[in-house]
Every structure is written in C-alpha cells, then in structure tokens.
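Residue-level structure breakdown
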Amino acid sequence: AFLESYLTAGPTLQYGQERWLARQWTLVSEASVTSGLRDGAVFALRCLDFSLVVSVKKMPFVQMGEEYVDPKSHKFVLRLQSETSV
C-alpha cells in the first residue's frame, strides 16, 4: 500500500538471471565517494541497464533513562478558592 502512490501501471520487465545476479555496480554521486553518508545525500547505484536511486535521511535518536522516584515524595496540596473550577 505504501508504494502504490509511487508506482504506475505499465509493461512488466523481465530480466534474465545474468541481469539480477550482476556483481558490479557503479556509484554515481556528486559528493566525494570517500566522504561519509550525510542527511539529504542522494546517489545512484547503476548496474547494466537499470539503476537504484538512494536518498539518505537521518534517523531520529532518542535517549531514554530510568530513575526511581519514591512515591512518598510526590505529595502536593490542592487548595481550592471559591472562583476555582475543578
């Protein structure tokens, strides 16, 4: 369902085994091939007569911690005034 919005109906391409088992890919990129991947980088991997375009997106990093809080230390007083609605 996710890919349906990106695909259109058309003739089916069938490749022989020599095509999909190819071992040599060509990297096409405007960035230097010795630099690391960065958010927003786009490059293509080409093999014979087809290519795969890759767009790099940064994954969010979430750091979580755990801390024990004594339930007896969580006391509060609720003071109601006549104009306060609860």
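Above: the structure in question.
Before going into details, it helps to say that this report is about the structure given with it.

Criteria and cut-off values
Residues numbered from 1 in each chain as written. Predicted model: local features only at pLDDT ≥ 70, side-chain atom pairs only at ≥ 80, totals over all residues. Heavy atoms only, no water. Helix = DSSP H or I, 4+ residues; strand = E, 2+ residues; numbered from the N terminus. Buried < 20%, exposed > 50% of the residue type's maximum accessible area, 1.4 Å probe, protein only. Areas by Shrake-Rupley, 256 points an atom, 1.4 Å probe, with all protein chains shown as cover. Contact = heavy atoms within 4.5 Å. Pairing = 2+ DSSP bridges. Axes fitted to C-alpha atoms, helices over the stretch in contact; angles between N-to-C directions.

Moving on, we come to the overall build of the protein. Looking only at helices and strands, the protein features 1 helix and 3 strands. Looking at the protein as a whole, 5% of its 86 residues qualify as buried. Summed over its atoms, the accessible surface of the protein is roughly 9200 Å², and 56% of this surface lies on carbon and sulfur atoms.

This paragraph deals with the environment of Val42. Within the fold, Val42 resides in strand β2 (residues 42-47). For Val42, a relative accessible area of 48% puts it in the partly exposed group. Taking the C-alpha atoms as reference points, Val42 and Val54, 12 residues apart in sequence, are found 5.6 Å from one another. Not counting residues up to four positions away in its chain, the partners in contact with Val42 are Ser29, Val53, Val54 and Ser55.

The next thing to look at is the sheet that holds strand β3 (residues 50-55). Taken in spatial order, the 3 strands make up an open sheet running β1-β2-β3, and their pairing is antiparallel. Looking along the sheet, the strands with just one partner apiece sit at the ends: β1 (26-29) and β3. Recorded for the sheet is a direction-independent mean angle of 25° between the axes of neighbouring strands. The pairing of β2 with β3 spans 6 bridges and is classified as antiparallel. Along β3, the bridge assignment pairs Phe43 with Val54.

Turning to the environment of Gly40, a few remarks are in order. Structurally, Gly40 can be placed in the loop between β1 and β2. Put simply, Gly40 and Val56 are 16 residues apart on the chain and 5.3 Å apart in space, counted from C-alpha to C-alpha.

Limitation: the analysis is restricted to geometry and does not speak to function.
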